Amino acid sequence: MSVPAKRKSSSRARKGRSHLALKKINLNRCPKCAKTVLPHRACGFCGTYKGKEVIKSKSIKTKKQENKKT
Ligand SMILES: [Zn+2]
């Protein structure tokens, strides 16, 4: 492994670290269930995207599993 030729000054090190901060994630509200959703993604709770149900929601799946058990 190579070793850096010169020591980085504290100022240069801090300048480099100015880009390391994590960006705040942008969240939208689901129009159907009002839960927080990532933009351009289907709602994880009710499974809707652009007003249509794209994914079968978890609550329906759990109900089906409960029916199988009984
Ligand atoms: Zn939703």
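Every chain's residues receive numbers from 1 upward, in the order its sequence appears when written. Thresholds applied to this predicted model are a pLDDT of at least 70 for local features of residues and 80 or more for the giving and counting of side-chain atom pairs; totals over whole chains, interfaces and linings are not thresholded and use all residues. Hydrogens and water are ignored here; the side-chain numbers use all heavy atoms of the structure.

### Here's the deal with the side chain of Thr48
Moving on, step 1. Numbered from the N terminus, helices here are DSSP runs of H or I no shorter than four residues, and strands are runs of E no shorter than two. Following the sequence through the fold, Thr48 ends up in strand S3 (residues 48–49).
Moving on, step 2. Each residue is placed in one exposure class: buried if its accessible area under a 1.4 Å probe, protein chains only, is under 20% of its type's maximum, exposed if it is over 50%, and partly exposed if it falls in between. Given the relative accessible area of 11%, Thr48 is considered buried.
Moving on, step 3. Throughout, a residue-residue contact means that at least one pair of heavy atoms, one from each residue, lies within 4.5 Å. Those residues in contact with Thr48 that lie beyond four places of it in its chain are Cys30, Lys32, Ala42, Cys43, Glu53 and Val54.

### Quick look at the coordination of the zinc ion
Moving on, step 1. All of the protein donors around the zinc ion are Cys30 (SG), Cys33 (SG), Cys43 (SG) and Cys46 (SG); their distances to the metal are 2.2 to 2.3 Å.
Moving on, step 2. Note on donors: an N, O or S atom is included if it sits within 2.8 Å of the metal, or within 3.2 Å for Na, K and Ca, and water is never included, so sites can look incomplete. For the zinc ion, all donor residues lie on one chain, and their spacing in sequence is C-x2-C-x9-C-x2-C.
Moving on, step 3. Among the residues examined, Cys30 registers a relative accessible area of 5% and is labelled buried.
Moving on, step 4. On the accessibility criterion, Cys33 (26% relative accessible area) is partly exposed.

### Considering the packing of aromatic side chains
Moving on, step 1. Geometry of aromatic contacts follows a simple scheme: Phe, Tyr and Trp rings, the Trp one being its six-membered ring, pair when their centres are within 6.5 Å, and the pair is stacked under 30 degrees between planes, edge-to-face over 60, tilted otherwise. Applying the stated criterion across every chain yields a total of zero aromatic pairs.
Moving on, step 2. Here Lys35 stacks its cationic end above the ring of Phe45, 4.4 Å away from the centre of that ring. Think of it as a cone above the ring: NZ of Lys or CZ of Arg counts as a charge over the ring if it is within 6 Å of the ring centre and within 35 degrees of the ring normal.

### Let's talk about unusual backbone geometry
Moving on, step 1. For Ala34, which is not a glycine, the phi torsion comes out positive at approximately 65°.
Moving on, step 2. Relative to the helices and strands, Ala34 is located in the loop between strand S1 (28–29) and strand S2 (36–37).
Moving on, step 3. The class of Ala34 is partly exposed, set by a relative accessible area of 45%.
Moving on, step 4. Despite not being glycine, His40 shows a phi value in the positive range, around 65°.

### Overview of a nonpolar patch on the surface
Moving on, step 1. For patch detection, residues must exceed 30% relative accessible area and be free of salt bridges, and they are connected within 9 Å for like charges or within 5 Å for nonpolar side chains (Val, Leu, Ile, Met, Phe, Trp, Tyr). Per-residue and other accessible areas were derived by the Shrake-Rupley procedure at a 1.4 Å probe size, with only the shown protein chains allowed to occlude residues. We count a salt bridge whenever a side-chain nitrogen from Lys or Arg sits within 4 Å of a carboxyl oxygen from Asp or Glu. Taken together, Ile25, Leu27 and Leu38 make up a surface patch of nonpolar side chains, about 270 Å² in accessible area.
Moving on, step 2. In this fold, Ile25 is placed in the loop between helix H1 (10–17) and S1.

### Thoughts on the environment of Cys43
Moving on, step 1. When you line up the elements, Cys43 lands in the loop between S2 and S3.
Moving on, step 2. According to the relative accessible area criterion, Cys43 is buried, its value standing at 3%.
Moving on, step 3. For Cys43 and Asn28, which are 15 residues apart along the polypeptide, the C-alpha to C-alpha distance reads 10.0 Å.
Moving on, step 4. Non-local contacts of Cys43, meaning those with residues more than four positions away in its chain, are made with Cys30, Cys33, Val37 and Thr48.

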